[in-house]
Amino acid sequence: MERYNFQVIEKKWQKEFSKNKLYREKGNKFYCLEMFPYPSGKIHMGHVRNYTIGDVIARYKYLNGFNVLHPMGWDAFGLPAENASKQNNLHPKDWTKQNIKTMKSQLKMLGLSIDWDLEFSTCDKDYYKHQQEIFIDFFNQGLVSRKETYVNWDPIEKTVLANEQVIDGKGWRSNAVVERKKLSQWFLNITKFSDELLQDLETLEGWPEKVKLMQKNWIGKSYGCEINFKIDNKEELVKVFTTRPDTIFGASFIALSVDHALNKNFQNDKNFKNFKNECNKTGTTEEALAHAEKIGFNTGLFVKHPFIDKKIPIYFANFVLMDYGTGAIFGCPAHDQRDFDFAKKYNLEILKVVDDNKLEMLEEAYTGNGKLINSNFLNNLDVSTAKKKIINEIEKKKIGVRKTLYRLKDWGVSRQRYWGCPIPMIYLEDGSVVPVEKSELPIELPDNIDLNSQGNPLEAHPDWKHTTHKATGKKAIRETDTLDTFVDSSWYFLRFCSPTHKSSPFDEKKINYWMPVDQYIGGIEHAILHLLYSRFFTKGLNKFNNKIEISEPFKNLFTQGMVCHESYKDQNGNWLYPNEIIKVNSKTVIKKSDKTKVIVLPPESMSKSKKNTIDPETMINDYGADAVRWFILSDSPPEKDVQWSDSGVVSSNKFLQKMWDLNYSIKIRQEKKIDKKIEKEFISTINNFIKKINNSINNFRFNVSIAAFYEIYKHFNNFLKKNLSNNILKEYIIIINKLMIPFTPHLAHECLNLLQCKNINEWPKIEKSFLQEISFAIQINGKTRDIIKIKKDSNEETVNKKVLSVSKAKKYLQDKKIIKTIFVNNKIINYIIK
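This section reports on the structure supplied with the text. Owing to the predicted nature of the structure, the values given are computational and were not obtained by experimental measurement.

**Description of the overall build of the chain**
For the chain, the count of helices and strands is 24 helices and 33 strands. For the chain, the spread of C-alpha atoms along the principal axes amounts to about 110 × 80 × 65 Å. Here the chain, with 834 residues, has 54% of them falling under the buried criterion. Partitioning the intrachain contacts of the chain with sequence separation of at least 6 by distance along the chain shows that 72% fall at a separation of at least 24. A total accessible area of about 38500 Å² is found for the chain, and carbon and sulfur atoms account for 48% of it. Both charge centroids of the chain, one from 127 positive and one from 102 negative side chains, sit 6 Å from each other.

Right, dumping it as structure tokens:
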């Protein structure tokens, strides 16, 4: 029998796939997009999984008659390229282009249905020219501002870090302790859309609930009130915003941000200066503040409690920031953990005002519900009622107002680095800051750059920043900060709709046809910021361009799990690559080089730092792209983590060889007598498999689809020797090959070619007359009341309808309360009733 030589066959079809597009003249549009990759060097298994999932969906939709857009690009700016350039003495542009070339060739090996004619990189001047144009439009529409603020400053990399780049108070790459530093920064005013971004989450029915919840929490709408506390023996007030005004009778201190206006009284105080320096070491993220030791500076001042005869001390504290609320809080230690830790340290009163039904002293703050105690006129009220009453009293006494705040902050986009999109703003001699003329775009990066200069390389460049203001001819200075790379990835999905459009960032007609993205696929790690920023960009563009009809970028979102692998350490604690070890047996692993015992650690997400990675190119060369695709989809549901297994890929390769052998056997099979009954049974089973695979693809249960193909293989093998015609076997193995196209496109196309199938690009239709009916038990409280006939794999809703319309069991359910329903697919439904 002829062997399936995947090395030869896959190369043949990879060339064909790179020519083919998934466009159709007719049919509904379908825009399928995977989050585009950073060109770091080589693809990893995370890329393989992400793009294989997208390819299954894109091919499936195309085969079902959709006009499909399936593009690819490169998120090519960023600090890693700058750092790699320093290490390798290579320009970031050259390093990036080399990596793109390598990764593109590797992705092509996977046989993806990507239209490479749409490809672009964010470092292409044709791309960032339009990004600069959008920035200027945003500036003119009031969506860009420049202001002084405290930032996360990495003292090693000499750059600002976004909150998500600060891990445990340290820079994500340098591992240096992040400091607070006050800088003048450019901001995109995302807070102008706070309410819209929050409310429109409800319209995103195709998004996972966990992602919507993460975004909701990040936006953080808070209801509360602002209270004016009068400073004792002074005319000054301290305004405090709180979401827990009900706990005001438990207040034992006021805490101010070190940047609060009251600090003017302490500017010359040596102790305060030292305290402020300590605060600057804490960073600005909520995570850093939560984990940092709570420290305070006692001002010696007091405020008067607004409702009782009590004085409350004022402290400056390192866990209060100016950019939320008023930069001041009242501390109620009994019911807030940060306040509790602070009060313990400075020996301040801890008074319980919400009853936790315990008599003993609090060991930690109680944040649950309960009745108010020790709270004057609020006593015996629940928390919710107490909040309403105290806010009414505060407004009645005219010492404050009810207020709604958002946790969301404006997006700081300034980065002190070379390899990024230049910000198209200039500083004039009179101190004003204006955009450059659009006719001057793009503002290009200089090629001659010293990346080893201290701080921002563009600031240190001898002449790049010196320019003239086109309108007046006067001297001006360019902005030397570049844009955060999150900006690059916040509108790329729009550019893909018309990537060669020159006169503007995109063709509005193409945007209105293709957008929103019908299926967006990417890792859960981008669930908040990238998706939130993309939503903001879409809404911002929609605000000033009335030709754009969309306000949300992604209709459906799928977040795939990680690819995991065991990690290994030698006796000295050094990480080892999988190819540096030998598995002697299930319990013993040794190091190849010296045969010493290796420590095996549990599987976790593949990481270059822990060396638990597998090279996809090696796997593809050894076992074929289809085998790698097959395994990566078969191991678990795609939203779950997949445990990588070399033996799993070997098994996948063997099964695909069997599928080839099956096709070849049918091609050369001798004709047999025909038995109509056997034929009907055979066809009926195949139609049930078509339905199952169809449903499982639509539900992103690719592992279920692949399990069905194993059953299909057994089914064909069982019938090869039975009285079926060659025509029937050939007709239905062609159908199976078509079903396999999204999963193993090389093998499927080669088998279809072997069987001389002409009409390849069409998804098989279910012949409903052949669908199997099965016996299905209807139980009431565990007792069988009827057996009905129903189509195989009917869902619970379908069974319910039939039970309540035609089943004899329906009389037992009439006027009864169903407490619980137990549904077992293809077997029983059991109604538990009173």
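On we go from here.
**Here's the deal with the sheet that holds strand β12 (residues 311-317)**
One open sheet holds the four strands; their spatial order is β11-β12-β10-β13, and the pairing between them is mixed. Looking along the sheet, the strands with just one partner apiece sit at the ends: β11 (296-304) and β13 (328-331). Strand-to-strand twist of the sheet, defined as the mean angle between neighbouring strand axes without regard to direction, takes the value 30 degrees. Summarising the sheet, strand β10 (residues 253-256) and β12 pair through three bridges and their orientation is parallel. Looking at β12, one finds that Ala255 is bridged to Tyr315. Across the face of the sheet, helix α8 (residues 270-280) comes into contact with β11 and β12 while running at roughly 110 degrees to β11.

**Some thoughts on the nonpolar core**
In terms of nonpolar packing, the biggest core is built from 172 residues, with Trp644 and Phe716 touching the most fellow members. For this core, the leading source of residues is helix α2 (residues 45-63), giving ten residues. Sequence-distant contacts of Phe716, that is, excluding residues within four places in its chain, are made with Leu662, Ile666, Phe682, Ile686, Leu729, Tyr732, Ile733 and Ile736. Counting residues in each nonpolar core, the second largest holds 38 residues, with Phe297, Phe316, Leu378 and Ile399 among its members.

**Comments concerning the packing of aromatic side chains**
Following the criterion strictly, the structure yields 60 aromatic pairs and no others. Between Phe138 and Phe544 the ring centres are 5.8 Å apart and the planes differ by 85 degrees, which places this aromatic pair in the edge-to-face class. With Phe138 in helix α5 (residues 125-140) and Phe544 in helix α16 (residues 529-544), this pair connects stretches of sequence that are 406 residues apart. Judged by its relative accessible area of 1%, Phe138 falls in the buried class. Ring centres of Trp411 and Phe536 lie 6.4 Å apart, and the angle between their planes is 75 degrees; on these two criteria the pair is classed as edge-to-face. A residue pair is termed long-range when its members are at least 10 positions apart, and Trp411 in strand β15 (residues 411-412) and Phe536 in helix α16 qualify at 125 residues. Of the two residues, Trp411 and Phe536, neither departs from the other in class, the shared state being buried. Directly above the aromatic system of Tyr812 lies the positively charged group of Arg785, at a separation of 4.2 Å from the ring centroid.

**A closer look at the pairing of strand β23 (residues 557-560)**
Because side chains alternate across β23, one face comprises the buried residues Leu557 and Thr559, and the other comprises Phe558 and Gln560, equally buried. Relative to β23, strand β22 (residues 519-523) is paired through four bridges, and the arrangement is parallel. Paired with Tyr520 across the strands is Leu557, a residue of β23.

**A closer look at the sheet that holds strand β20 (residues 475-478)**
Two modes of strand pairing occur in sheets, parallel and antiparallel, and in both the strands are linked by backbone hydrogen bonds. With respect to topology, four strands assemble into an open sheet ordered β18-β17-β20-β19, the strand pairing being antiparallel. The two strands at the open ends of the sheet, each matched to only one other strand, are β18 (433-435) and β19 (466-468). The average angle at which neighbouring strand axes cross in this sheet is 45 degrees, direction not considered.

About the criteria used
Residues numbered from 1 in each chain as written. Predicted model: local features only at pLDDT ≥ 70, side-chain atom pairs only at ≥ 80, totals over all residues. Heavy atoms only, no water. Helix = DSSP H or I, 4+ residues; strand = E, 2+ residues; numbered from the N terminus. Buried < 20%, exposed > 50% of the residue type's maximum accessible area, 1.4 Å probe, protein only. Contact = heavy atoms within 4.5 Å. Areas by Shrake-Rupley, 256 points an atom, 1.4 Å probe, with all protein chains shown as cover. Lys, Arg positive; Asp, Glu negative; His and termini not counted. Charge placed at Lys NZ, Arg CZ, Asp CG, Glu CD. Pairing = 2+ DSSP bridges. Axes fitted to C-alpha atoms, helices over the stretch in contact; angles between N-to-C directions. Core = buried A, V, L, I, M, F, W, Y, C linked by side-chain atoms within 4.5 Å. Phe/Tyr/Trp six-rings, centres within 6.5 Å; stacked < 30°, edge-to-face > 60°. Lys NZ or Arg CZ within 6 Å of the ring centre and 35° of its normal.

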